[in-house]
Amino acid sequence: MGNLLSPDVKFIMPSDPDVSYELDLGEPPQELLEWAKENIRENPDTRCLIIEDFRDIIYARGECTPHRTDDEFLLRFLRGRKFNMESAYRLFVNYYNFKEDNPEFFDGVNLKSLLRIGCDDLITVPPYRDQNGRRILLYRMGNWDTEKYSVTNIFQATMAILELAILEPRAQILGGIGFFDMQNLTLQQAYHMTPSVAHKIVQILVTSFPMKIYAIHVVFQPWIFDVVYKVIHPLLNGAMKDRVFFHGEDMESLHKHIDPKHLPEKYGGRHPDYGYAPWIEGFGKSEEIKEELRSLGYKIDENDYEEYKSDSEKSESSLHSEY
């Protein structure tokens, strides 16, 4: 595939630099709604009727027992499948089947323990978007301490981040970017990539979560990554295979897809590695976000935010002192 820069959606990105640690939970701007009407068939004049029909189908077929069926919740599934009712319904059922089959990823998970993964620079979301307004979910797999964090911990953190990200109407409409830095990936880390783990990754990326993954970028991949990808590749559908891009050490290749104005310095961009603690502080102040997480089964202790923020600031101070 060629250059994925999309001039028709560049209006979505506020004036650069745009660094913010707050989720944008407000109504999408009119320009984005117009883009949605053209690209994902979201018509404000018929949206309420479609949501009502969608809800009726869910209850009539009874294939799952949803914890929510309000308009706001159902809308994210319709947006994730371009308002194709049958596709959105299958996504909805898959979402709940995935939760039922993998309760350890959701039920009673202590959010505080997951947030430490961000402090250790394993999984993070930069506080800015790409040039088309999409969030970037960044994994640095070489930083994975397999004795400290299990595969289940990584899935738990991933699902928590995705559940937070999908709260943003922009993300529901535009989707997001997956970014994997494989520098220093070891055999020990690769060993954990079993067919079962690969299958769950594909479920999250393709069939079972309303966040559309617009593209996946892989950088600094060593030879061992080829072994890992051979496990995943056969499980991907054709559309998803076309959205995976391998760049190695070629940052110019990466910049054909993501403008360096919207990348960390390590990848030829302009941004430093921003700290993770401000995200947590923001979540702790938002009753809407905390209520959403509780409804999904996450354990939230008000004291966890302050304690985690303190720990995170200490860790980040130590990290920066190494450079």
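Right, let's walk through the structure included here. (Residues numbered from 1 in each chain as written. Predicted model: local features only at pLDDT ≥ 70, side-chain atom pairs only at ≥ 80, totals over all residues. Heavy atoms only, no water.)

### Let's talk about the packing of helix 3 (residues 71-80) against helix 4 (residues 85-101)
So, step 1. At a minimum axis separation of 8 Å, helix 3 and helix 4 run at an interaxial angle of 115°. The way helix 3 lies across helix 4 gives a crossing that is right-handed. Residues F73, L74, F77 and L78 of helix 3 touch helix 4, and the partners they reach there are M85, A88, L91, F92, Y95 and Y96.
So, step 2. Its residues assigned to classes, the contact of helix 3 with helix 4 comprises 10 nonpolar, no polar and no charged. (Axes fitted to C-alpha atoms, helices over the stretch in contact; angles between N-to-C directions. Helix = DSSP H or I, 4+ residues; strand = E, 2+ residues; numbered from the N terminus. Left-handed = near helix turned anticlockwise from the far one by under 90°. Contact = heavy atoms within 4.5 Å. Nonpolar A, V, L, I, M, F, W, Y, C, P; charged D, E, K, R; others polar.)

### What about the environment of Y139?
So, step 1. Assignment of secondary structure puts Y139 in strand 2 (residues 135-140).
So, step 2. Given the relative accessible area of 7%, Y139 is considered buried.
So, step 3. Between the C-alpha atom of Y139 and that of V218, which follows or precedes it by 79 residues, the distance is 9.6 Å.
So, step 4. Beyond its immediate chain neighbours, meaning those up to four positions away, Y139 contacts L122, I123, I154, T158, F179, F180 and D181.
So, step 5. There is a polar contact of 2.6 Å between the side chain of Y139 and the side chain of T158. (Buried < 20%, exposed > 50% of the residue type's maximum accessible area, 1.4 Å probe, protein only. Polar contact = N/O pair within 3.5 Å; in protein donor to acceptor, adjacent residues only side chain to side chain.)

### Considerations on the packing of helix 2 (residues 47-61) against helix 4
So, step 1. Following both chains from N to C, one finds helix 2 and helix 4 inclined at 50°, their axes separated by 11 Å at the closest point. Considering their axes alone, helix 2 and helix 4 lie oblique with respect to each other. Considering the relative orientation of helix 2 and helix 4, their crossing is right-handed. Residue-level inspection shows I50, D53, F54, I57, I58 and R61 of helix 2 in contact with helix 4, the latter providing M85, E86, A88, Y89 and F92.
So, step 2. For the contact of helix 2 with helix 4, the class distribution of residues is eight nonpolar, no polar and three charged. (Parallel < 35°, antiparallel > 145°, perpendicular 65-115°, else oblique.)

### Section: the sheet that holds strand 1 (residues 123-124)
So, step 1. Pairing within the open sheet is mixed, and its five strands lie in the order 1-2-3-4-5. Looking at strand neighbours, the two that pair on one side only are strand 1 and strand 5 (244-248), the edges of this open sheet.
So, step 2. Where strand 2 and strand 3 (residues 176-181) come together, six bridges link them in parallel fashion. Note on strand 3: the bridge partner recorded for L137 is G178. (Pairing = 2+ DSSP bridges.)

The quantities given are spatial measurements derived from coordinates; they are silent on function.
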